[in-house]
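In case you want the letters, here they are:
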Amino acid sequence: MDFVNSDQFFEFPVDVAVCPICNAPVIAYFDEYETDTGIVTDCGFHIDCKNEPELGDSDTWKNWFSSHWSEPYTDWLPLERRLYKWFTARYRVRIEGME
């Protein structure tokens, strides 16, 4: 079992997953995990395209968001479920004294 920091993005290997829209790497971030085991909860596991531009009022971000998130239940949800299973079989969030 490997450990990851909760405050850093996790980048999936491209042979495991790529963005369903542009084929860029996929990243995950976590905002909820079990503090006694380090297991990320399914509700605390989130994925996104690594190519997301800086957030702002720019047309670049708006165009990116429109193309990448027009059908999240079709494009992203099946991938998120698959990657959650893959991730939790291999990784835990690093908790002091747990390793």
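Above this text is the structure in question.
These numbers come from a predicted model, not from an experiment. Residue indices follow the written sequence of each chain, beginning from 1 at its first position. Predicted model: local features are reported for residues with pLDDT of at least 70 only, side-chain atom pairs are reported and counted for 80 or more only, and whole-chain, interface and lining totals are derived from all residues. Just so you know, side-chain values use all the structure's heavy atoms and leave hydrogens and water out.

Re unusual backbone geometry
At step 1: One non-glycine residue, Asn23, lies in positive phi territory at about 65 degrees.
At step 2: Mapped onto the fold, Asn23 is located in the loop between strand S2 (10-11) and strand S3 (26-30). Each helix is a run of H or I in the DSSP string that is no shorter than four residues. Each strand is a run of E no shorter than two, and both are numbered from the N terminus.

Describing helix H1 (residues 59-68)
At step 1: Note on classification: 1.4 Å probe, protein chains only; a residue is buried when its accessible area is under 20% of the maximum for its type, exposed when over 50%, partly exposed between these limits. If you check which residues of H1 are buried, you get Trp61, Trp64 and His68. Buried residues along H1 cover an arc of 65 degrees about the axis, so they all sit on one side. Along H1, exposed side chains directed more than 90 degrees from the buried face belong to Asp59 and Asn63.
At step 2: At its buried positions, H1 is contacted by strand S4 (45-49) and helix H2 (72-75). For this quantity, the arc is that covered by the directions from the helix axis to the C-beta atoms. Contacts are assigned to residue pairs with any non-hydrogen atoms lying within 4.5 Å of each other.

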